[in-house]
Amino acid sequence: MAFTTAISPPSATRLRQLLPNRSPLSRPRTIRCASPSISVSPSQSMQFDLRSYWTTLIADINTKLDEAIPVKYPQQIYEAMRYSVLAKGAKRAPPVMCVAVCELFGGHRLAAFPTACALEMVHAASLIHDDLPCMDDDPSRRGQPSNHTVYGVDMAVLAGDALFPLGFQHIVSHTPTHLVPEAQLIRVIAEIARSVGSTGMAAGQFLDLEGGPNSIDFVERKKFGEMAECSAVCGGFLGGAADDDILRLRRYGRAVGILYHVVDDVLKAKAKSEGDEGKKKKKEGSSYVDVYGMEKAMEVAEDLRGKAKRELSAFDKYGDSVVPLYSFVDFAADRSFTIDSSV
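Residues numbered from 1 in each chain as written. Predicted model: local features only at pLDDT ≥ 70, side-chain atom pairs only at ≥ 80, totals over all residues. Heavy atoms only, no water.

Draft legend 1. Just the overall build of the chain, in detail. Assigned secondary structure in the chain consists of 16 helices and 4 strands. Counting every position in the chain, which comprises 343 residues, the buried fraction comes to 53%. Within the chain, contacts between residues at least 6 apart in sequence are counted, and of these 78% link residues at least 24 apart. Total accessible area on the chain stands at roughly 15000 Å², and carbon and sulfur atoms take up 53% of it. (Helix = DSSP H or I, 4+ residues; strand = E, 2+ residues; numbered from the N terminus. Buried < 20%, exposed > 50% of the residue type's maximum accessible area, 1.4 Å probe, protein only. Contact = heavy atoms within 4.5 Å. Areas by Shrake-Rupley, 256 points an atom, 1.4 Å probe, with all protein chains shown as cover.)

In structure tokens, the structure reads:
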């Protein structure tokens, strides 16, 4: 539902003109680490090669997703599931964020991969259902026909329904027990269930369908902020983060998820004003720009960038390990590159 759209370099250039990095958190500063022998360059989040980091993780995650969803009987359901989960163009933002946060707290990457795959399954399921004619009625997704366009509405509903429990099953059956205690796995499963349920993304989708200007903030938080929030929090659970740090991760993830979508709204509005309508969904809820205007939307985006970075400042003591999380924030705002997910 969020944090997955790729844009072309010209659009990224326009956005950097619209959203200069004005946050005081972007000023040069020294990050103090737990060890006095470790120091982080003031501009390291800008120097960090997020594209290579992200692309490398995509390759690993794609392989594990392919293994996680073999074709079984009934074959058509599994083919429909694989069609959306393994679709070219998927940026794997939820699993990448989960892995990055797990590693921030010293967790092993192998401990995070099963949950990372589950997050992508849940994310794909939500997109399958979002695209249905009774929801957003979108005939395409990531540059190819939507699941229901290829397999029919009935099979798309079943594929989405099957992916949700498969994600939970995958966490339980594939997470190394010597790396993640059972109590932490239970918290991960509960977090994902909360995120996709009636008080999470489902609530956001409901209000998006209902419409109304007073619902836009709730829709942004629930429909677009939940997945990133859940991904960050699950990574924290897997890495053994303390409760106070989990709260920081929750606020960080939510801010990044909403930031990404608000920036999408700004880019779409900018393209529309320049006569580039592009493809539009038959049913499209109000955007931040529609409700508050371009200037306010840009202010909100800049505030969200600053908020996300302020939450991360508590983790500066971890040195290099926190840099990917800072880079996610700047990518959400600036879109300084595109990702080739067909690796």
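Draft legend 2. Here's a closer look at the confidence of the model for the chain. Per-residue confidence for the chain gives a mean pLDDT of 83; residues scoring 70 or more make up 81%. Contacts for the low-pLDDT stretch residues 20–43, under 50 throughout, to residues beyond four places or in other chains number 33 contacts. (pLDDT = per-residue confidence, 0-100.)

Draft legend 3. View of the nonpolar core. Counting 91 residues, the largest nonpolar core has Trp54, Ile69, Leu163, Tyr252 and Phe328 as the members making the most contacts within it. Ranked by residues supplied to this core, first place goes to helix 13 (residues 243–273) with 13 residues. Not counting chain neighbours up to four residues away, the residues in contact with Tyr252 comprise Met97, Ala232, Ala308, Glu311, Leu312, Leu325, Phe328 and Val329. (Core = buried A, V, L, I, M, F, W, Y, C linked by side-chain atoms within 4.5 Å.)

Draft legend 4. Here's a closer look at the packing of aromatic side chains. Here the structure, examined in full by the defined rule, presents 9 aromatic pairs. Between Trp54 and Phe328, the ring centres sit 5.7 Å apart and the planes meet at 70°, which makes this aromatic pair edge-to-face. Of the two residues, Trp54 is situated in helix 3 (residues 50–68) and Phe328 in helix 16 (residues 323–334); the sequence distance between them amounts to 274 residues. By the ring-pair criterion, three or more aromatic residues cluster together here, those being Trp54, Tyr260, Phe328 and Phe331. (Phe/Tyr/Trp six-rings, centres within 6.5 Å; stacked < 30°, edge-to-face > 60°.)

Draft legend 5. Fine view of the pattern of salt bridges. The full count for this structure, using the stated rule, is 21 salt bridges. Linking Glu226 and Arg194 is a salt bridge whose minimum nitrogen-to-oxygen distance equals 3.0 Å. Here Arg194 lies in helix 9 (residues 182–196) and Glu226 lies in helix 12 (residues 226–239), a separation of 32 residues in the sequence. Note on Arg194: relative accessible area 27%, which makes it partly exposed. We note a salt bridge from Glu229 to Arg250, for which the minimum N-O separation is 2.8 Å. Here the residue Glu229 occupies a position in helix 12, and Arg250 occupies one in helix 13, the gap between them amounting to 21 residues. (Salt bridge = Lys/Arg side-chain N within 4 Å of Asp/Glu carboxyl O.)

Draft legend 6. View of the side chain of Glu191. Following the sequence through the fold, Glu191 ends up in helix 9. For Glu191, a relative accessible area of 5% corresponds to the buried category. The residues touching Glu191, leaving out its near neighbours within four places in the chain, are Cys230, Val233, Cys234, Phe237 and Arg250.

Draft legend 7. Up close: the packing of helix 4 (residues 75–85) against helix 8 (residues 153–174). Following both chains from N to C, one finds helix 4 and helix 8 inclined at 75°, their axes separated by 9 Å at the closest point. Overall, the two elements helix 4 and helix 8 adopt an arrangement that is roughly perpendicular. The segment helix 4 lies against helix 8, with Gln76, Ile77, Ala80, Met81 and Val85 engaging Met155, Leu158, Ala159, Ala162, Leu163 and Leu166. (Axes fitted to C-alpha atoms, helices over the stretch in contact; angles between N-to-C directions. Parallel < 35°, antiparallel > 145°, perpendicular 65-115°, else oblique.)

Draft legend 8. Broad picture of the packing of helix 3 against helix 6 (residues 109–130). Viewed as axis vectors pointing N to C, helix 3 and helix 6 meet at an angle of 75°, and their least axial separation amounts to 10 Å. Classified by the angle between their axes, helix 3 and helix 6 sit roughly perpendicular to one another. Of helix 6, the residues touching helix 3 (which contributes Tyr53, Leu57, Asp60, Ile61, Lys64, Leu65 and Ala68) are Arg109, Phe113, Cys117, Glu120 and Met121. Partitioned by chemical class, the residues of the contact of helix 3 with helix 6 number 8 nonpolar, no polar and 4 charged. (Nonpolar A, V, L, I, M, F, W, Y, C, P; charged D, E, K, R; others polar.)

Draft legend 9. Just the environment of Ala269, in detail. Here Ala269 is to be found in helix 13. With 18 residues separating them along the chain, Ala269 and Ser287 place their C-alpha atoms 9.3 Å apart.

Draft legend 10. Highlighting helix 11 (residues 216–224). Within helix 11, the full set of buried residues consists of Ile216, Val219, Glu220, Lys222, Lys223 and Phe224. Its buried side turned inward, helix 11 meets helix 6, helix 10 (201–210), helix 12, helix 13 and helix 14 (288–292).

Draft legend 11. The arrangement of the side chain of Ser195 in detail. The topology assignment puts Ser195 in helix 9. In this structure the side chain of Ser195 is engaged in a polar contact, spanning 3.5 Å, whose partner is the backbone oxygen of Glu226. Not counting chain neighbours up to four residues away, the residues in contact with Ser195 comprise Gly200, Met201, Glu226, Met227 and Cys230. (Polar contact = N/O pair within 3.5 Å; in protein donor to acceptor, adjacent residues only side chain to side chain.)

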